[in-house]
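Analysis of the macromolecular model
As a plain string of letters, each chain reads:
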Amino acid sequence: MVDAAEKEMDNPTFRSDTVLSDVHLHCPNKRHLMVRLNAVGQPVFLSCFKILWNTEDLASEKSVREATTERDHQYRSGDELCDKDRNNLKKERELSIEGVEALLDSDGDLEVVRRPRSASDLEAEALLRDAVYPVILMKGQEDAFEDEEQEYTCSDVVKIEHTMATPLEDVGKQVWRAAFLLADYIIFKRDTLRCCSVLELGGGTGITSIIMGTVAKRVYCTDVGEDLLAMCEHNVALNKHLMEPGRGEVKVKELDWLKDEFCTDPEAPYSWSEEEIADLHDHCTVIMAADVFYDDDLTDALFRTLYKITHNLRNSCTVYLALEKRLNFTLRHLDVTCEAYTHFRNTLNDLENLQDSKMKYTVEPIKLDFCQFLIYERIEQL
């Protein structure tokens, strides 16, 4: 019985996990407005992310975050002061309890003497009122972001619809740190990537493909699930203003890693035409994926898909993979491990060591010392 329980806890079922991205929690002063419910009843939020094109902007945003951190510290200090006041009051009551009669009102009921509110209480309450949370966007408030965007140019702001928390099978509907990291790298290498043809695997909300669309000639943003792909397509439409005329075409397509072929059924939404498949094979020189390595079976499927696609490309190709190494405690090891990351690295090594007469794969890590253009926490596990 114990062994079965340990096995179940060590290998959680795919549908029971609820996953929360902490990207938005890192930006407490940004408004995230709920705009609708999606087809499966999940709240969909609209967030604006500013691209910082110079170090002055980045320093300004950093000072705002530091001020927020200091304010949170002050709030916690206020809590500690309140606890100290309460402890002192309790001690005074304990010392003077003997020989003191209970205070009664005219009807004989116990009269409770309340401690005057201290300055720390008032300060803590004021700080609490400043906290910012997701807000429901009511009908007729479509211009809710207008005030925030007036200080930015259109080319500075990316609008993304997303969810805040999902079951594990719907994590593509959230925005993840590795997507920001890859987007940062795209902006940093924009001169190198200009006018290329790109395929994204597991595009999710589409934020990385949208950023790539600002420099590339054509981007095929792929994932699975009609609801997710509809959200992704809507996000592409929301950010058409970022694309240069005659460039930056982002096409949202279905690509299921568990299937051997592209979906070409003309009746199916987000299917491929024969011309699009030929265009991909003839012109694609960049493949990218961000934060898609969290399940071993899906990791295996992605690498199989990657192998098949690169075998059919006319040109040599660079593949950019961004991920976050997530630490988890497992009962099987009785230790903190990174099993998903370990499996990813092992599979990557297998690909690099593959004996193939047609293809040769080389793997190089990228140092994370390039410029940061988006506001997120670039942690060492990225």
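Residues numbered from 1 in each chain as written. Predicted model: local features only at pLDDT ≥ 70, side-chain atom pairs only at ≥ 80, totals over all residues. Heavy atoms only, no water.

Below, the discussion takes up the overall build of the chain. Helix and strand content of the chain: eleven helices and 13 strands. Relative to its full complement of 382 residues, the chain shows a buried share of 41%. Contacts in the chain between residues at least 24 apart in sequence constitute 73% of all its contacts with a sequence separation of at least 6. (Helix = DSSP H or I, 4+ residues; strand = E, 2+ residues; numbered from the N terminus. Buried < 20%, exposed > 50% of the residue type's maximum accessible area, 1.4 Å probe, protein only. Contact = heavy atoms within 4.5 Å.)

What follows concerns unusual backbone geometry. The phi angle at Cys195 is positive, at roughly 70 degrees, despite the residue not being glycine. Residue placement: Cys195 occurs in the loop between α6 (190-193) and β7 (197-200). What makes Cys195 partly exposed here is its relative accessible area of 46%.

Okay, helix α8 (residues 226-238) next. Taking 1.5 Å per residue as the helical rise, α8 with its 13 residues ought to reach 18 Å, and the 18 Å between its terminal C-alpha atoms agrees with that figure. Among the residues of α8, those classed as buried are Leu228, Leu229, Met231, Cys232, Asn235 and Val236. Projection of α8 onto a plane perpendicular to its axis shows the buried side chains occupying an angular sector of 155 degrees, all on one side. (Expected span 1.5 Å × (residues − 1). Arc of directions from axis to C-beta.)

With respect to the element layout, Asn239 can be found in the loop between α8 and β9 (249-254). You can call Asn239 buried: its relative accessible area is 0%. Of the polar contacts made by the side chain of Asn239, one reaches the backbone oxygen of Lys159; its length is 2.7 Å. (Polar contact = N/O pair within 3.5 Å; in protein donor to acceptor, adjacent residues only side chain to side chain.)

Moving on to the layout of surface pockets. As a volume, the second largest pocket reaches approximately 1,100 Å³. Lining of the second largest pocket is provided by 38 residues; of these, Val319, Tyr320, Leu321, Val363 and Glu364 occupy positions nearest its centre. Residue assignment for the lining of the second largest pocket shows that the elements contributing at least two residues are α5 (177-188), α10 (296-312), β11 (318-322) and α11 (339-352). Examining the composition of the lining of the second largest pocket, we find that seven residues originate from one element, α11, more than from any other. Looking at the lining of the second largest pocket, its residues break down into 24 nonpolar, seven polar and seven charged. (1 Å grid on protein atoms, 1.4 Å probe; cavity = no way out; pocket = protein on both sides within 12 Å on 5 of 7 lines; lining within 4 Å. Points joined across faces, edges and corners; volume = space filled by probe spheres on them. Nonpolar A, V, L, I, M, F, W, Y, C, P; charged D, E, K, R; others polar.)

For any pair of aromatic rings, the description rests on two quantities: the centre-to-centre distance and the angle between the ring planes. This model, assessed by the stated rule, comprises 14 aromatic pairs. Ring centres of Tyr185 and Phe188 lie 6.4 Å apart, and the angle between their planes is 45 degrees; on these two criteria the pair is classed as tilted. One end of the pair is Tyr185 and the other is Phe188, both in helix α5 and three residues apart, which spans about a single turn. Using a relative accessible area of 13% as the deciding quantity, one classes Tyr185 as buried. Residue Phe188 is classed as partly exposed on the basis of its relative accessible area, which comes to 40%. Taking 6.5 Å as the distance between ring centres and 40 degrees as the angle between the ring planes, the aromatic pair formed by Tyr307 and Tyr361 counts as tilted. Of this pair, Tyr307 sits in helix α10 while Tyr361 sits in the segment after α11, placing them 54 residues apart in sequence. (Phe/Tyr/Trp six-rings, centres within 6.5 Å; stacked < 30°, edge-to-face > 60°.)

Looking now at the sheet that holds β9. Reading across from one edge, β9-β8-β7-β10-β11 is the order of the five strands in this open sheet, with parallel pairing throughout. The sheet is open, and its two edges are formed by β9 and β11, each paired on a single side. Each neighbouring strand pair of the sheet contributes to a mean axis angle of 20 degrees, computed without reference to strand direction. In terms of strand pairing, strand β10 (residues 284-290) meets β11 through five bridges, oriented parallel. Within the sheet, the bridge partner assigned to Ala289 lies in β11 and is Leu321. Along the sheet face, α5 touches β10 and β11 and points at about 150 degrees away from the line of β10. Of the strands in this sheet, β7, β8 (218-223), β9 and β10 touch helix α9 (residues 274-283), which is tilted by about 100 degrees from β10. (Pairing = 2+ DSSP bridges. Axes fitted to C-alpha atoms, helices over the stretch in contact; angles between N-to-C directions.)

Within strand β3 (residues 43-50), seven of the eight residues are buried, which leaves the element mostly enclosed by the surrounding structure. Where β3 lies against strand β5 (residues 157-162), six bridges are found, and the strand directions are antiparallel. Within β5, the position partnered with Leu46 by the bridge is Glu161.

Turning our eyes to something else, we now look at α11. If you check α11, its first and last C-alpha atoms are 20 Å apart, about what 14 residues at 1.5 Å a residue would give, namely 20 Å. Every buried residue belonging to α11 is among Phe344, Thr347, Leu348 and Leu351, and all of these are buried. Down the axis, α11 shows its buried residues gathered within 105 degrees of arc, on one side only. In this structure, the buried residues of α11 make contact with α10 and β11.

Attention shifts here to the packing of α10 against α11. Between α10 and α11, whose axes approach to 10 Å, the crossing angle comes to 25 degrees. Here α10 is positioned roughly parallel relative to α11, judged by the angle of their axes. Judged by the twist between their axes, the crossing of α10 over α11 is right-handed. Side by side, α10 and α11 meet where Asp296, Thr299, Asp300, Phe303, Leu306 and Tyr307 of the first sit next to Glu339, Ala340, His343, Phe344, Thr347, Leu348 and Leu351 of the second. Of the residues contributing to the contact of α10 with α11, the split by class is seven nonpolar, three polar and three charged. (Parallel < 35°, antiparallel > 145°, perpendicular 65-115°, else oblique. Left-handed = near helix turned anticlockwise from the far one by under 90°.)

Tracing the backbone shows Asp22 in the loop between β1 (18-20) and β2 (32-37). The partly exposed category is assigned to Asp22, whose relative accessible area is 32%. Separated by 355 residues in the primary sequence, Asp22 and Glu377 have C-alpha atoms spaced 9.5 Å apart.

Before going further, it helps to spend a moment on the nonpolar core. One finds Phe180, Ile186, Leu193, Val198 and Met212 to be the most contacted residues of the largest nonpolar core, which totals 45 residues. Counting only elements with at least two residues in this core, the list comes to β5, α5, α7 (207-213), β8, α8, β9, β10 and β11. No other element matches α5, which puts nine residues into this core. Ignoring anything within four residues of it in the chain, the contact list for Leu193 reads Ile186, Met212, Val215, Ala216, Val286 and Tyr320. (Core = buried A, V, L, I, M, F, W, Y, C linked by side-chain atoms within 4.5 Å.)

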